[in-house]
Amino acid sequence: MTLQIDGERLWRSLHEMAQFGAIANNGVTRLALSEEDRRARDQLRDWALQAGCSVRVDRMGNMFLRREGARPELAPVVTGSHGDSQPNGGRFDGIYGVLAGLEVLRTLNDRQIATERAIEVINWTNEEGARFAPAMISSGVFSGEFSLEYGLSRRDAQGVSIGEALREIGYDGERPVGGLPIHAAFELHIEQGPILEAENIAIGVVTAAQGQRWYELEIVGFSAHAGTTPMDRRRDALLGFAELVTAVNRIGLDFAPDARATVGMAQITPNSRNVVPGKVFFSVEFRHPQEAVLEQMEQRLLAAVGAVNGDALSARAERIFQYRPIRFDAACIASVRQAAQTLGYSHRDMISGAGHDACYLSRVAPTAMIFIPCVDGISHNERENITPGWAAAGANVLLHALLAHADA
């Protein structure tokens, strides 16, 4: 019989972990380095120790759960994802990949299977970017995209830095961030989109990921009394904001079908019903699998900002984050395909529309990703859901992909 994980145990672990930060409608709010995150990390650490693993934490709070191999001098094979969530998010985004990795280690223990190389499960800090921007900050430090000083200095809306939050919850580890050899890496994740479920396909073989660019924009006008200021004398920042929101949407449509263009956050000042808005601060995000197209989208945005900027309004845009489109490692991709075929699962190649820690990790190690379906493609929402069968299928593919490299 083909080796498989314990699907019921994985499903129990997922739902036990979901108690940390549980909200109504089966959702989760477990922001990075919050008290809820601390409790989830403690539970993960305890489970790993019970499974005979060592647990180490680096200076960005990334957790490494290691099942030793017969030859500890060899570079390990790694898997994992993240434990933090979006506000009012789902119980599977990120943490599924971490707990599926733990389930692989438990299964190898159950079957008394030794591997040549160690297998490590990584729980990355602040993948979501919901509390601290930018997203994927810790895997970015690990891969050399950001300095350690930059990572530790990022602050949330209350002014708390990542370094301070790590100390507060007791996860400011001593292990250096990055610089460690990795033989191969895999990240298992829910698709966060509708394709696999709509096509009744069990496994997504992720070959590449879209690039992203994030921007912060500000439009400054003049706050004035809404009742006494004539329409032709107003310097209404919200009007400029409306023009730019329309422009962003047009840019996304003009580079369809692969482009994504989003205004996801806005702060209106003074945000009073009887005051003409004097300032709007907001975000813009672009995604596309081609770097040249992302550059064209950016130039279109800057032109739109320039058109708003004038005598009545002052407008500016700053790019605060980017990563280039990436292609995953051919050998790792082949291992995922072979695992799906061996297990008899339907599968198809995919490009990830979302950012993942695997994208940064791919800069320093051969890497690939595995997707499973999610109900109605919903994610970053308390209605996010998967089935036990989908969860087990993805973990089984992960198990066989890891084994293919752990003895190589």
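Every value quoted in this text rests on a predicted model; they were computed, and no experiment measured them. (Residues numbered from 1 in each chain as written. Predicted model: local features only at pLDDT ≥ 70, side-chain atom pairs only at ≥ 80, totals over all residues. Heavy atoms only, no water.)

### Remarks on the packing of aromatic side chains
Throughout the structure, instances matching the rule amount to 11 aromatic pairs. Taking 5.2 Å as the distance between ring centres and 25° as the angle between the ring planes, the aromatic pair formed by F146 and Y150 counts as stacked. A centroid spacing of 4.8 Å and a plane angle of 70° characterise the contact between F241 and F282, whose relative ring orientation is edge-to-face. Taken as a pair, F241 in helix α8 (residues 237-254) and F282 in strand β12 (residues 279-288) lie far apart in primary sequence, 41 residues in all. (Phe/Tyr/Trp six-rings, centres within 6.5 Å; stacked < 30°, edge-to-face > 60°. Helix = DSSP H or I, 4+ residues; strand = E, 2+ residues; numbered from the N terminus.)

### Some remarks on the environment of Y360
Relative to the elements of secondary structure, Y360 occurs in helix α11 (residues 357-361). Of the residues examined, Y360 reaches a relative accessible area of 1% and is grouped as buried. For Y360 and T115, which are 245 residues apart along the polypeptide, the C-alpha to C-alpha distance reads 26 Å. If sequence neighbours within four positions are ignored, Y360 has contacts with M136, S139, G140, S143, E145, F146, F321, Q322 and Y323. (Buried < 20%, exposed > 50% of the residue type's maximum accessible area, 1.4 Å probe, protein only. Contact = heavy atoms within 4.5 Å.)

### A few points about the UniProt feature "domain: Peptidase M20 dimerisation" (unreviewed entry) in the chain
As annotated by UniProt and renumbered to match this structure, "domain: Peptidase M20 dimerisation" (unreviewed entry) occupies residues 208-308. The span residues 208-308 carries 36% helix and 33% strand; its end-to-end C-alpha distance comes to 36 Å. (UniProt positions renumbered as here; feature names shortened; annotations may be inferred.)

### Quick notes on the nonpolar core
Residues Y96, L99, F186, I203, F328, I386 and V397 are the most contacted members of the largest nonpolar core, which totals 101 residues. Among the elements that line this core, the one with the most residues is helix α12 (residues 388-406), at 12 residues. For this core, the two domains that each supply at least three residues are domain 1 (7-210 + 325-407) and domain 2 (211-323). Discounting residues that sit within four places of it in the chain, F328 has contacts with V206, T207, A208, I333, A358, C359, S362, T367, A368 and M369. (Core = buried A, V, L, I, M, F, W, Y, C linked by side-chain atoms within 4.5 Å. Domains from an automatic or database assignment.)

### Remarks on unusual backbone geometry
Only a minority of non-glycine residues have a phi that is not negative, and only a minority of peptide bonds are not trans. Going from A133 to P134, the amide bond is cis rather than trans, its omega being 5°. Following A256, the chain continues into P257 via a peptide bond in cis, with omega recorded as 5°. Checked against the element boundaries, P257 lands in the loop between α8 and β9 (260-262). Of note in this structure, N26 is not a glycine but carries a positive phi near 65°. Take N26: it is sitting in the loop between α1 (7-17) and α2 (35-50). By relative accessible area, which is 52% here, N26 ends up exposed.

### Here's the deal with the UniProt feature "binding site: Zn(2+) 1" (unreviewed entry) in the chain
As annotated by UniProt and renumbered to match this structure, "binding site: Zn(2+) 1" (unreviewed entry) occupies H82, D93 and H189. In terms of the greatest pairwise C-alpha distance, the residues named above, spread along 108 residues, form a tight cluster of at most 9.8 Å across. Structurally, the position occupied by D93 is in the loop between β3 (77-82) and α3 (95-110). Given the relative accessible area of 6%, D93 is considered buried. What D93 contacts, discounting residues up to four positions off in sequence, is H82, D84, E128, H189, I190, Q192, S379, H380 and E384. Within the local environment of D93, its side chain forms a polar contact with the side chain of H82, the two groups lying 3.4 Å apart. Within the secondary structure, H189 is located in strand β5 (residues 184-190). (Polar contact = N/O pair within 3.5 Å; in protein donor to acceptor, adjacent residues only side chain to side chain.)

### Details of the pattern of salt bridges
Inspection of every chain in the model, using the stated rule, returns 25 salt bridges. A salt bridge links R9 to E103; its shortest N-O distance comes to 2.9 Å. Of this pair, R9 sits in helix α1 while E103 sits in helix α3, and the two are 94 residues apart along the sequence. One network of salt bridges, with partners in common, ties together R213, E291, E295, E298, R319 and R324. (Salt bridge = Lys/Arg side-chain N within 4 Å of Asp/Glu carboxyl O.)

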